[in-house]
Amino acid sequence: MGRGYIVDDTVEVYLSKLCDQQSDHVTGLVIGQSSTQRDFVVMACRTPSRDEPLVGTGKSLDKEWISEHARQVSRMLPGGLCVLGVFVIIDADAKDTLASLRQLAFAVQCLICSEHLWNSEDDEVTDCVTLHINPKSRKISCRTFDIKDPKSLAKPADWKYQSGVCSSWSMITCCLNVDLYVALLDNRACSKSMEKCLKEGLKVWTHQIENAVCLIDGIQLPDDAELTAGQKRNVRQTHTAQLLVTPEQQHRLRDVVQQCGGGLSVRGSIHSRAYLHNNKPKAKLAERLLKRDAVSSMVTRVQMLLDELLAAEHEGKGVSRNKQGTERFCLPHRVFCPAKVTGTLCVCDHQFNDEDPSEVIDRLKEMLDIDTSDQDLDTKQEIAAEIIESGQPAEATAENVEVQKPKRNNYIGVAMATVVALLAAAVAMLNLNDV
């Protein structure tokens with residue numbers, strides 16, 4: 001027998017409802033957390049319907065559409081949660097769909113990993129699960145593939161349902177100060193060149209975060225220290241962490257002289273969090289998941305802003321600049337929402353300032369199949385930044401501006417980064433800065 005999957009019983013209820021639907025086939029994603037001994041599945045979500053189905057596909061799986069759905073979903077998962085694999089509900093023999101599921105599993109993980117800026121560790125699990133369910137007999141066929149091995153063959157896996165899988169998972173949170181600068185080397189650069197510069201700059205920042213000192217509840221724990229040692233088992237614990245980046249790491253790039261046509265600088269604070277299974281989690285795992293969550297969230301925000309600016313450029317919408325040739329923008333801030341499982345596990349979305357909460361609710365429904373309301377959204381972890389107009393007093397600069405108390409809630413300590421963009425002629429050049 002291969003790997004074991006401990007699955008929350010709410011997933012069984014969800015998959016059963018999908019089986020009751022009259023459809024040729026239903027595909028979706030399996031979400032949870034891996035560990036050395038076994039994997040924990042806490043959610044499943046179906047693939048959204050395509051507005052224009054591909055002609056002649058029949059019962060074949062749309063790898064491109066499902067993979068894009070997986071990429072979007074992975075952006076909405078906090079640290080500790082990831083897409084573990086895929087499922088298909090179809091009235092066909094499991095053997096007949098195995099080859100298609102194998103191709104789908106590799107396509108999904110390949111696209112998700114393409115957005116990762118960190119290097120995988122040697123002890124990380126690389127198995128991807130595929131689940132075939134017959135809607136009539138409700139028979140389940142569970143197989144895994146090693147996505148690091150292109151020649152990997154299917155291995156049988158154990159799929160067992162259990163109640164309250166993540167009800168006592170620990171949560172670790174962190175308020176991270178961001179000071180990121182990226183040089184844009186050519187003021188005639190095209191969109192692809194700009195995106196390449198951004199990715200390289202984010203890789204350097206990722207390296208800084210990976211090398212940051214992590215304090216958990218004010219203490220730097222040994223890697224092999226059990227995070228929940230000395231505490232009651234099966235009781236949810238919350239920990240506060242700090243990520244300390246040395247000044248030498250922060251300013252290393254700024255000491256390099258290079259010719260460039262613009263620059264991008266992001267300054268502010270973001271909220272990061274990670275969830276850890278309760279099977280004797282180690283401090284090393286907590287640190288790794290928290291750091292990766294911070295990186296993933298920042299990459300998502302910058303990419304979302306870049307997509308917005310490029311879309312405006314393609315639509316011929318010019319962006320006005322002030323006398324200094326700059327334009328101010330706000331990065332989207334993070335919003336959390338309870339997942340549809342027992343316990344206090346949350347998923348997230350990134351919301352622009354001009355977006356209505358209903359748009360976040362719609363995305364949660366479309367991407368994760370979660371029904372929620374305004375009251376369920378946690379908007380207190382990050383405060384949306386406010387752009388200071390150029391007519392404001394000169395004292396309000398990046399160096400000495402005082403963070404004002406939030407207007408819409410009482411959370412103190414996290415103000416989301418504000419972005420200033422330097423746009424040259426017909427080419428969008430970004431210069432992100434705090435106000």
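Above this note sits the structure.
Residues numbered from 1 in each chain as written. Predicted model: local features only at pLDDT ≥ 70, side-chain atom pairs only at ≥ 80, totals over all residues. Heavy atoms only, no water.

A. Up close: unusual backbone geometry. Notably, aspartate 217 is not glycine yet its phi reads approximately 55°, a positive angle. One can find aspartate 217 in the loop between strand E10 (213-216) and strand E11 (238-244). Unusually for a residue other than glycine, aspartate 369 sits at a positive phi of about 60°. (Helix = DSSP H or I, 4+ residues; strand = E, 2+ residues; numbered from the N terminus.)

B. Structural view of the sheet that holds strand E4 (residues 82-90). Across the sheet, which stays open at both edges, the 8 strands sit in the order E7-E6-E5-E4-E2-E3-E1-E8 with mixed pairing between neighbours. Strands with a single pairing partner mark the edges of an open sheet, and in this sheet they are strand E7 (155-156) and strand E8 (158-162). Sheet strands touched by helix H1 (residues 9-20): strand E1 (4-8), strand E2 (25-34), strand E3 (39-46), E4, strand E5 (127-133) and E8. Its angle to E3, the strand with the most contacts, is close to 30°. (Pairing = 2+ DSSP bridges. Contact = heavy atoms within 4.5 Å. Axes fitted to C-alpha atoms, helices over the stretch in contact; angles between N-to-C directions.)

C. Representation of the packing of aromatic side chains in the model. Within this structure, the stated rule accounts for 3 aromatic pairs. Ring centres of phenylalanine 40 and tryptophan 169 lie 6.0 Å apart, and the angle between their planes is 80°; on these two criteria the pair is classed as edge-to-face. Of this pair, phenylalanine 40 sits in strand E3 while tryptophan 169 sits in the loop between E8 and strand E9 (170-184); the two residues are 129 residues apart in sequence, bridging distant segments of the chain. For phenylalanine 40, a relative accessible area of 6% gives the class buried. Look at tryptophan 169 and you get buried, because its relative accessible area is 1%. Among the aromatic side chains, those forming a connected cluster through ring pairs are Tyr5, Trp159 and Tyr161. Its end group placed over the ring of phenylalanine 336, arginine 273 keeps NZ or CZ at 3.9 Å from the ring centre. (Phe/Tyr/Trp six-rings, centres within 6.5 Å; stacked < 30°, edge-to-face > 60°. Buried < 20%, exposed > 50% of the residue type's maximum accessible area, 1.4 Å probe, protein only. Lys NZ or Arg CZ within 6 Å of the ring centre and 35° of its normal.)

D. Local environment of helix H3 (residues 94-113). Look at H3: 27 Å from first C-alpha to last across 20 residues, which is about the 28 Å you get at 1.5 Å a residue. Along H3, the sharpest kink reaches roughly 30°, centred on serine 100. Within H3, burial applies to Thr97, Leu101, Leu104, Ala105, Phe106, Val108, Gln109 and Ile112. On the buried face of H3, the contacting elements are helix H2 (63-75), E4, E5 and strand E6 (140-146). Between a side-chain oxygen at the N-terminus of H3 and the backbone nitrogen of lysine 95 the separation is 2.8 Å; the capping residue is aspartate 93. (Expected span 1.5 Å × (residues − 1). Bend = angle between axes of the 7 residues up to and from the residue. Polar contact = N/O pair within 3.5 Å; in protein donor to acceptor, adjacent residues only side chain to side chain.)

E. Spatial organisation of the side chain of serine 35. Note on placement: serine 35 falls in the loop between E2 and E3. Among the polar contacts listed, one links the side chain of serine 35 to the backbone oxygen of arginine 38, at a separation of 2.4 Å.

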